[in-house]
Amino acid sequence: SSDKFYRVENFVNVDRSNRHKENNNKIFICVGRVVEEKGVDIFCKAIKKAKKIEPEIKGIVLGNGPLLEKLKRMYPEVEFLGWVDHMIVDKYTVNA
């Protein structure tokens, strides 16, 4: 039923008007708690697979949680930055 779905607005305030129209960045970011139910492991698997095809791809995880150390060991091709202040998140998302 519809009462199980919630719309959550993006908490990141990114002014995209100052971005270049031809953004060739291959940066993908996952922001949130590093727990199973958030699917961070799926993000990491996707980055690992994608890097085999496009080695320039960069995956970054911003967040902390009980799976952080395990995922760091399993996916060295992903950059794990741990907890990051919301004001700093903008710095990363504007280039993704």
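See above for the structure.
Notes on the structure follow. In this text, all values refer to a predicted model and were calculated from it rather than measured experimentally.

Rules and cut-offs
Residues numbered from 1 in each chain as written. Predicted model: local features only at pLDDT ≥ 70, side-chain atom pairs only at ≥ 80, totals over all residues. Heavy atoms only, no water. Helix = DSSP H or I, 4+ residues; strand = E, 2+ residues; numbered from the N terminus. Buried < 20%, exposed > 50% of the residue type's maximum accessible area, 1.4 Å probe, protein only. Contact = heavy atoms within 4.5 Å. Disulfide = S-S within 2.5 Å.

A word on the environment of L67
Locating L67 in the fold gives a position in the loop between β2 (58-62) and α2 (68-74). Assessed through its relative accessible area of 24%, L67 is described here as partly exposed. C-alpha separation for the pair L67 and D41, spaced 26 residues apart in sequence, amounts to 8.7 Å. If we ignore the near neighbours within four places in the chain, the residues touching L67 are V34, V35 and E36.

Some thoughts on the environment of K70
Mapped onto the elements of the fold, K70 is located in helix α2. When the C-alpha positions of K70 and D41 are compared, they lie 9.8 Å apart, and in sequence the two are 29 residues distant.

Quick look at the state of the cysteines
Scanning the model with the defined rule gives 0 disulfides in all. Among the cysteines around C44, which has no disulfide bond, C30 carries the closest sulfur, lying 7.1 Å off. Here C44 falls in the buried class, since its relative accessible area comes to 0%.

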